[in-house]
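Notes for the structure review
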Amino acid sequence: MRMTHLCIFFLTLTVLSKFTLSFSLMKARCYIMAVIAIDGAKVSYRVDGDGPGLVLVHGTGGNGESNWGHLVARLVPYWKVVRPDYSGSGETADDGQPLTVQALAAQVVAAARAADATPFDLVGFSLGASLAAYIAAEYPDDVRAVVLLAGFASGEDGRMQLEFGLWRDLIRNDRKAMARMVLLTGFSPAFVTGLSPWQIEENINAIITGNQWEGMARQVELNLTLNVSNQIKRIAKPTLVIGCTQDHMVPPDHARTLAGAIAGARYAELDSGHLAPLERPDEFVQLVTTFLRDGGR
């Protein structure tokens, strides 16, 4: 395992009261950047803080920093926060073969174990929620409690096939259109309406230049075949499922189905589009911290 201590100045996205965006230079934040080798992959992950483990699993096309970086300061007072980049994201490198839920789940668990963060509370977003559900069922000794945000048990229904098939085609043929699709369907209509033309264009350009497109394409292919329905039924950990009422990527019926299939699961909703960690960070962190600090009750 290779570990590097980093202190960085970082830009964070701040959502203002009228759904406008501003970028603020924040004070330096230090974290450990590490790499663990597993099954031919070199998996990168970040570790912040100390205390009981909290593992955050990002979604399709994201990574541990883009999905979670702006929330870490609110979580480290209570947890050692581990943010793995599974294959296709961040600095993680592998052989480029098709991705499987089993392999990505093993990468997440390996990073948590290498960070000495087991047993851990587990938060997954979108594809990361599907992975978190699989981990909770298949690695029960490593998991204390689970939060599943905007997740789905299967990508095999007609609408999901249409959506992820469109993503696959746009990634291949028109990445600017894909970036526009992310903004248009990732946030609620009110959020997007509040953006100026300049902000929209700047965000589109940032997605185009900053995204790891080949890795995202591999993750989208996984979305098209993913099915963790059997694992979801076997989850026996305290679980909070969060749906997003204005989610046009993974409609909230998927989250409601997850909650209904997990014995004793609690269910909550955010008035948000799919990208709730960015659109509703305060409400999301409140739900997570209240649930987990209360022992998942």
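Description of the structure in this document. In this text, all values refer to a predicted model and were calculated from it rather than measured experimentally. (Residues numbered from 1 in each chain as written. Predicted model: local features only at pLDDT ≥ 70, side-chain atom pairs only at ≥ 80, totals over all residues. Heavy atoms only, no water.)

**Quick look at the overall build of the protein**
- Helices and strands together make up the secondary structure of the protein, namely 13 helices and 11 strands.
- The 297 residues of the protein split such that 55% are buried.
- Restricting to contacts in the protein with at least 6 residues of sequence separation, those with at least 24 account for 75%.
- If you sum the accessible surface of the protein, you get close to 12700 Å²; carbon and sulfur atoms cover 54% of it. (Helix = DSSP H or I, 4+ residues; strand = E, 2+ residues; numbered from the N terminus. Buried < 20%, exposed > 50% of the residue type's maximum accessible area, 1.4 Å probe, protein only. Contact = heavy atoms within 4.5 Å. Areas by Shrake-Rupley, 256 points an atom, 1.4 Å probe, with all protein chains shown as cover.)

**Quick look at the nonpolar core**
- Ranked by internal contacts, the top residues of the largest apolar core, which has 96 residues, are Val123, Leu148, Leu149, Phe284 and Leu292.
- If sequence neighbours within four positions are ignored, Val123 has contacts with Leu54, Val55, Leu56, Val57, Trp68, Val147, Phe284, Val288 and Leu292. (Core = buried A, V, L, I, M, F, W, Y, C linked by side-chain atoms within 4.5 Å.)

**Side note on unusual backbone geometry**
- Geometrically, the link from Thr118 to Pro119 is a cis peptide bond, its omega value of -10° lying close to zero.
- For Pro119, the location among the structural elements is in the loop between helix H3 (101-114) and strand E8 (120-125).
- A positive phi angle, close to 50°, is found at Asp39, a residue other than glycine.
- With phi around 60°, Ser126 is a residue other than glycine that occupies positive phi space.
- As for its placement among the helices and strands, Ser126 is situated in the loop between E8 and helix H4 (127-138).
- Residue classification places Ser126 among the buried residues on the basis of a relative accessible area of 7%.

**Structural notes on the side chain of Asp142**
- Note that Asp142 resides in the loop between H4 and strand E9 (143-149).
- Residue classification places Asp142 among the buried positions, given a relative accessible area of 9%.
- Apart from residues lying up to four places away in sequence, Asp142 is in contact with Val109, Arg113, Thr118, Pro119 and Phe120.

**Concerning the pattern of salt bridges**
- Applying the stated criterion across every chain, the model contains 17 salt bridges.
- A salt bridge links Glu65 to Arg83; its shortest N-O distance comes to 2.7 Å. Separated by 18 residues along the polypeptide, Glu65 in helix H1 (residues 64-68) and Arg83 in strand E7 (residues 80-85) bring together distant segments of the chain.
- Residue class for Arg83 comes out buried when judged on its relative accessible area of 0%. (Salt bridge = Lys/Arg side-chain N within 4 Å of Asp/Glu carboxyl O.)

**Digging into the packing of aromatic side chains**
- Evaluated as defined, the whole model comprises 6 aromatic pairs.
- When the centroid spacing of 5.6 Å and the interplanar angle of 75° are considered together, the rings of Tyr78 and Trp79 count as edge-to-face.
- Ring centres of Phe187 and Phe191 lie 4.4 Å apart, and the angle between their planes is 10°; this geometry places the pair in the stacked category. When sorted by exposure, Phe187 lands in the same class as Phe191, which is buried.
- Taken together, the aromatic side chains of Trp68, Phe125 and Phe284 make up a single cluster linked through ring pairs. (Phe/Tyr/Trp six-rings, centres within 6.5 Å; stacked < 30°, edge-to-face > 60°.)

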